[in-house]
Amino acid sequence: MSAQRARIGVLGGTFDPIHHGHLAAASEVCAALRLDQVLIVPTATQPFKRDSVTASPAHRVAMSVKAVRNDARFSVSTVDVDRGGVTYTIDTLRDLSAQYPDADLFFITGADSLARLAEWKDTDQLGELAQFVGVTRAGHSFPQLETTHRVVEVPSLAISSTDVRRRVRAGAPIRYLVPASVADYIATHELYLGGLDD
């Protein structure tokens, strides 16, 4: 009898910075799908945000590591940052499939993004590498989603990385929007004090 395959979630994103909304989504999907582990995967450069100014990959990885260090279910993968260039989900999943050949991968994304999966690079191959899971706030539905995709409701948290960055520039508090260790890191390294978001 063969060993049971591990079930690994993959939550990719810019994480600029990582916040409690990201962590809540990872936690809810982990519980709902009985995952063994969730990988937090910071992007190198998002294809839809090529002209945006972000904190360096090193800073975004460091904040992600601090955010998940006390939760044994979560770990950070630098597969996209190590590869560099523009991050496409197909490349992320190919690399992770090679790293975890005995695991089933579950790619976690917003349900609104999942509804546009046909626009993603090499979309015809994505389903061969992972099952896709959309996360949404309670009360939101996406009837255009294929029935093969799972949707998990996450307790509504109106937190966005854009808002966190704007609050830092305005001198407004961000504690309780991001883990305390991330807030401390942002302050120590004086991140997000200059520049404007689109």
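Residues numbered from 1 in each chain as written. Predicted model: local features only at pLDDT ≥ 70, side-chain atom pairs only at ≥ 80, totals over all residues. Heavy atoms only, no water.

1. Topic: the sheet that holds strand 3 (residues 74-76)
- Strand order in this open sheet of six strands is 3-2-1-4-5-6, and the pairing throughout is parallel. In this open sheet, the two edge strands, each paired with only one partner strand, are strand 3 and strand 6 (150-154). Within this sheet the neighbouring strands show an average axis-to-axis angle of 30°, counted without direction.
- In this structure, strand 1 (residues 6-13) lies alongside strand 4 (residues 103-110), joined through six bridges in parallel fashion. When the bridges of strand 4 are listed, Arg7 appears paired with Asp104.
- Contacts from helix 1 (residues 20-32) reach strand 1, strand 2 (37-42), strand 3, strand 4, strand 5 (131-137) and strand 6, with the element oriented near 125° to strand 6.
- The strands touched by helix 2 (residues 57-68) are strand 2 and strand 3; relative to strand 3, the strand with the most contacts, the crossing angle is about 165°. (Pairing = 2+ DSSP bridges. Helix = DSSP H or I, 4+ residues; strand = E, 2+ residues; numbered from the N terminus. Axes fitted to C-alpha atoms, helices over the stretch in contact; angles between N-to-C directions. Contact = heavy atoms within 4.5 Å.)

2. Details of the packing of helix 2 against helix 8 (residues 180-188)
- The interhelical angle for the contact between helix 2 and helix 8, taken along N-to-C directions, is 150°, at an axis separation of 8 Å. When the axis of helix 2 is compared with that of helix 8, the two are roughly antiparallel. The two elements helix 2 and helix 8 cross, and the hand of that crossing is right-handed. Packed against helix 2, whose contacting residues are Ala58, His59, Ala62, Met63, Lys66 and Ala67, the element helix 8 presents Ser181, Val182, Tyr185 and Ile186 at the interface. (Parallel < 35°, antiparallel > 145°, perpendicular 65-115°, else oblique. Left-handed = near helix turned anticlockwise from the far one by under 90°.)

3. Considerations on the pairing of strand 4
- In terms of residue burial, strand 4 counts as a mostly covered element, since six of its eight residues are buried.
- Where strand 4 lies against strand 5, five bridges are found, and the strand directions are parallel. Paired with Ile108 across the two strands is Val133, which belongs to strand 5. (Buried < 20%, exposed > 50% of the residue type's maximum accessible area, 1.4 Å probe, protein only.)

4. Here's the deal with the nonpolar core
- Ranked by size, the top nonpolar core spans 35 residues in total, and within it Ile18, Val29, Val38, Met63 and Ile186 carry the most contacts.
- Counting only elements with at least two residues in this core, the list comes to helix 1, strand 2, helix 2, strand 4, strand 5, strand 6, helix 7 (161-170) and helix 8.
- Per-element accounting of this core gives the leading share, six residues, to helix 1.
- Those residues within four positions of Val38 in sequence are excluded, and the remaining contacts are Gly9, Leu11, Ala26, Cys30, Arg73, Phe74, Ser75 and Ile108.
- Among the nonpolar cores identified, the runner-up in size contains 17 residues, and Leu39, Leu105, Leu114 and Leu126 belong to it. (Core = buried A, V, L, I, M, F, W, Y, C linked by side-chain atoms within 4.5 Å.)

5. Topic: the environment of Thr89
- Along the polypeptide, Thr89 turns up in helix 4 (residues 89-99).
- What makes Thr89 buried here is its relative accessible area of 18%.
- Separated by 42 residues in the primary sequence, Thr89 and Pro47 place their C-alpha atoms 10.0 Å from one another.
- Here Thr89 is in contact with Phe107, Trp120, Leu126 and Phe132, once residues within four sequence places are set aside.

6. A look at the side chain of Ser64
- Within the secondary structure layout, Ser64 lies in helix 2.
- Side-chain polar atoms of Ser64 contact the backbone oxygen of Arg60, separated by 2.9 Å.
- With sequence-adjacent residues up to four places away left out, Ser64 is seen in contact with Phe15, Ile18, Ile40, Pro42 and Val76. (Polar contact = N/O pair within 3.5 Å; in protein donor to acceptor, adjacent residues only side chain to side chain.)

7. Quick word on the pattern of salt bridges
- Taken as a whole and judged by the stated rule, the model has eight salt bridges.
- Two residues, Asp16 and Arg165, come together in a salt bridge whose shortest N-O distance is 3.8 Å. Residue Asp16 is located in the loop between strand 1 and helix 1, and its partner Arg165 is located in helix 7; the two are separated by 149 residues in the primary sequence. Grouping residues by exposure puts Asp16 and Arg165 together as buried.
- Of the charged contacts, one joins Asp122 and Arg94 as a salt bridge, the two residues approaching to 3.7 Å between their closest N and O atoms. Of the two residues, Asp122 is situated in the loop between helix 5 (111-114) and helix 6 (123-129) and Arg94 in helix 4; the sequence distance between them amounts to 28 residues.
- The partly exposed category is assigned to Arg94, whose relative accessible area is 35%. (Salt bridge = Lys/Arg side-chain N within 4 Å of Asp/Glu carboxyl O.)

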